[in-house]
Amino acid sequence: MCAKKIQVISFQSLSANSGAGMARLGYFLSRELNKRGLLKNFIVHSKGKFETPFKSLPVSTFSRYYLFILNSIIKFLPIPNHKFRLLQEQLYDWFCYFRIQKDTGIIFTTNAYLKRTFRKAKKLGIFIVLMPGTPEENYIYDLVLEENQKLGITTVDAYTYKKRLHYFNQSITHVDEVIGSMPTVYTSYTHSNVFNGNVVKILGHMSPDFPPNNSKTNIAGDGEVFTVGFLAYTVILKGLHYLIDAWQEIMNDDNPPNIKLRIGGSVEQPIMNYINSHFAPLKNVELAGPISDVSNFMQGLDLFVVPSLVDGGPATALEAAHNSVPVIITDNCGSAELLSRGEGGCHVVPIKDAQAIKREILWAYNNRAAAADLGKTGKENLDNYDMDAYISQVADHLEQKIKNA
């Protein structure tokens, strides 16, 4: 047994029933490390009634209270989400600083916004491992800046807020190693101008916690309406404008009968303004607004499109696959790696390529039985994926690191 242990840190929280967001990864990894006698503790933002079979604790005994106060304030004050997110991250970093002790050998975290915490860890000689859920922040910032200039709009979100980006850049210089769990994460950190540490590729995913369901069996016949779907809270990175561009060309050049596009979720106003000014009128397009029952939304589709410029692991793509709906997805989405395994359960297209999206939509429309088979393969890839093996692989890597420290 190693003298020094591994401390797992998550910005997300443990709720009354489970881990939220990346806290799920932290939970399962902590459980595995604890079995091996390697876990010091699992630090989360706040902790409800959910008990763990290993040592876990909130970043502060006050975190539940200040999070409640902050969330109450945001309901009455018009604080932009990106500023609110940075405030929470800075508070978390402040309290996390006091949880770091010299008997820790490795810090494993899914959150890069820990400038004060990382600085203390380095002074104590602690090795810092980051497994980010999204590609390198500067890479994302450059993508959005380029897209804003191309569309002639201005959008600011958590990934393009300069003050938050500066905090990231100050934090990441202290990180020793990044684990790239998705191809774009690995590539973007490998080519980063800010991060100079080691980048390790351990590809894997967190299995979504979807309830069991029956596969979609109703395939739209040749004379029936073929429904293409999109679902997201749409910011510029979601790439909806490329899907709309492809759709407009399909309507103008091919004009196939009995086909419609159903767009679910809210669309940020600058994006909606751009679409209305450049593509109106939108033919055979339904703006469905926020969707409360995602499974029901997916069951009404014959094809699902994820045109994101970058997306760590879009759950909507996995939800579509869970319902046996064939998926078109860009190569900058982490979910593409999982769904395309083996014989391939999705069609992967380059980012910013409306022509590729158009070709794939028309292929699915004209080859409905083959598209349905693609959806079934996607569901098989999702159902057969072994998350426990992935967690063990990450734990093996960390165990080897701490033994060699």
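These figures come from a predicted structure and were not determined experimentally.

Student: Sorry if this is basic, but what is going on with the overall build of the chain here?
Tutor: Scanning the chain for helices and strands turns up 15 helices and 13 strands. Dimensions of the chain, computed from the C-alpha atoms along their principal axes, are close to 70 × 45 × 40 Å. When each of the 405 residues of the chain is scored for burial, the buried share is 56%. Sequence-distant contacts, at least 24 apart, represent 68% of the contacts inside the chain between residues at least 6 apart. For the chain, the accessible area works out to roughly 17700 Å², and carbon and sulfur atoms hold 51% of it.

Student: Mind showing me how you'd approach the packing of aromatic side chains here?
Tutor: How two aromatic rings sit relative to each other is set out by the distance from centre to centre and by the angle between their planes. In total, this model carries 11 aromatic pairs according to the counting rule given. Note on Tyr 66 and Phe 95: the rings are 5.4 Å apart at their centroids and 15° apart in plane angle, and the pair reads as stacked. Within this pair, whereas Tyr 66 is found in helix 2 (residues 63-74), its partner Phe 95 is found in helix 3 (residues 81-96), the two being separated by 29 residues in sequence. A single burial state applies to Tyr 66 and to Phe 95, both of which are buried. Seen in terms of ring centroids, Tyr 189 and Phe 195 are 5.9 Å apart; in terms of plane orientation they differ by 80°. Their pairing is edge-to-face.

Student: It is not clear to me how the nonpolar core should be interpreted in this structure. Could you clarify?
Tutor: Nonpolar side chains tend toward joint burial in soluble globular proteins. If you look at the biggest cluster of nonpolar residues, it comprises 48 residues, and the most contacted ones within it are Leu 33, Phe 108, Phe 304, Val 394 and Leu 398. If you tally residues by element for this core, the top one is helix 15 (residues 387-404), at 7 residues.

Student: Just to check I follow, could you spell out the packing of helix 1 (residues 23-35) against helix 15 for this structure?
Tutor: What describes two packed helices is the angle between their axes and the distance between those same axes. Relative to each other, helix 1 and helix 15 sit at 65°, their axes nearing to 9 Å. The two elements helix 1 and helix 15 cross, and the hand of that crossing is right-handed. Note on element contacts: helix 15 touches helix 1 through Met 387, Asp 388, Ile 391, Ser 392, Val 394, Ala 395 and Leu 398, opposite Leu 25, Phe 28, Leu 29, Arg 31, Glu 32 and Leu 33. Counted by class, the contact of helix 1 with helix 15 contains 9 nonpolar, 1 polar and 3 charged residues.

Student: Even after reading the chapter, I still don't get helix 5 (residues 137-151), so can you show me in this structure?
Tutor: The α-helix winds at 3.6 residues per turn, so residues separated by three or four positions along the chain end up facing the same way. Between its terminal C-alpha atoms helix 5 stretches 21 Å, which fits the 21 Å expected from 15 residues at 1.5 Å a residue. Residues of helix 5 that are buried: Glu 137, Asn 138, Ile 140, Tyr 141, Leu 143, Val 144, Glu 147, Asn 148 and Leu 151. Structurally, helix 5 contributes buried residues whose contacts are with helix 6 (162-172), helix 8 (240-254) and helix 9 (269-279). Of the residues flanking the start of helix 5, the one acting as N-cap is Glu 136, its side-chain oxygen 2.6 Å from the backbone nitrogen of Asn 138. Just downstream of helix 5, Gly 152 is the residue with a positive phi angle, here 70°.

Student: I tried to follow the pairing of strand 9 (residues 259-264) on my own but got confused; where do I start?
Tutor: When a strand is regular, its side chains alternate between the sheet's two faces. Looking at chain direction, strand 8 (residues 226-231) and strand 9 are connected through 6 bridges and run parallel. Paired with Phe 226 across the strands is Ile 259, a residue of strand 9. For the segment spanning strand 8, helix 8 and strand 9, crossover handedness is right-handed. In this fold, strand 9 hands off to helix 9, which returns the chain to strand 10 (residues 285-289); that crossover is right-handed.

Student: What should I look at first to understand the pattern of salt bridges in this one?
Tutor: In a structure, side chains of opposite charge can pair up when their charged atoms sit close to one another. All chains considered together, the criterion is met by 20 salt bridges. Linking Arg 36 and Glu 32 is a salt bridge whose minimum nitrogen-to-oxygen distance equals 2.9 Å. Measuring nitrogen to oxygen at the nearest pair gives 3.4 Å for the salt bridge that ties Lys 379 to Asp 383. Taken together, the residues Lys 379 and Asp 383, both in helix 14 (residues 368-384) and 4 residues apart, mark about one turn of the helix. Take Lys 379: its relative accessible area is 10%, and that puts it in the buried class.

Student: Hey, could you run me through the environment of His 241 in this one?
Tutor: As for its placement among the helices and strands, His 241 is situated in helix 8. Looking at His 241, the relative accessible area reads 5%, which means it is buried. Expressed as a C-alpha distance, the spacing of His 241 and Ala 317, which sit 76 residues apart in the sequence, is 18 Å.

Student: It is not clear to me how a nonpolar patch on the surface should be interpreted in this structure. Could you clarify?
Tutor: Together, Phe 68, Ile 69, Ile 73, Phe 76, Leu 77 and Ile 79 make up a nonpolar patch on the protein surface, roughly 640 Å² of accessible area in all. For Ile 69, the location among the structural elements is in helix 2. Judged by its relative accessible area of 48%, Ile 69 is partly exposed.

Cut-offs and rules
Residues numbered from 1 in each chain as written. Predicted model: local features only at pLDDT ≥ 70, side-chain atom pairs only at ≥ 80, totals over all residues. Heavy atoms only, no water. Helix = DSSP H or I, 4+ residues; strand = E, 2+ residues; numbered from the N terminus. Buried < 20%, exposed > 50% of the residue type's maximum accessible area, 1.4 Å probe, protein only. Contact = heavy atoms within 4.5 Å. Areas by Shrake-Rupley, 256 points an atom, 1.4 Å probe, with all protein chains shown as cover. Phe/Tyr/Trp six-rings, centres within 6.5 Å; stacked < 30°, edge-to-face > 60°. Core = buried A, V, L, I, M, F, W, Y, C linked by side-chain atoms within 4.5 Å. Axes fitted to C-alpha atoms, helices over the stretch in contact; angles between N-to-C directions. Left-handed = near helix turned anticlockwise from the far one by under 90°. Nonpolar A, V, L, I, M, F, W, Y, C, P; charged D, E, K, R; others polar. Expected span 1.5 Å × (residues − 1). Polar contact = N/O pair within 3.5 Å; in protein donor to acceptor, adjacent residues only side chain to side chain. Pairing = 2+ DSSP bridges. Right-handed = clockwise from strand over helix to strand, strands pointing away. Salt bridge = Lys/Arg side-chain N within 4 Å of Asp/Glu carboxyl O. Patch = residues over 30% accessible without salt bridge, like charges linked within 9 Å, V, L, I, M, F, W, Y side chains within 5 Å.

Geometry only, nothing functional implied.
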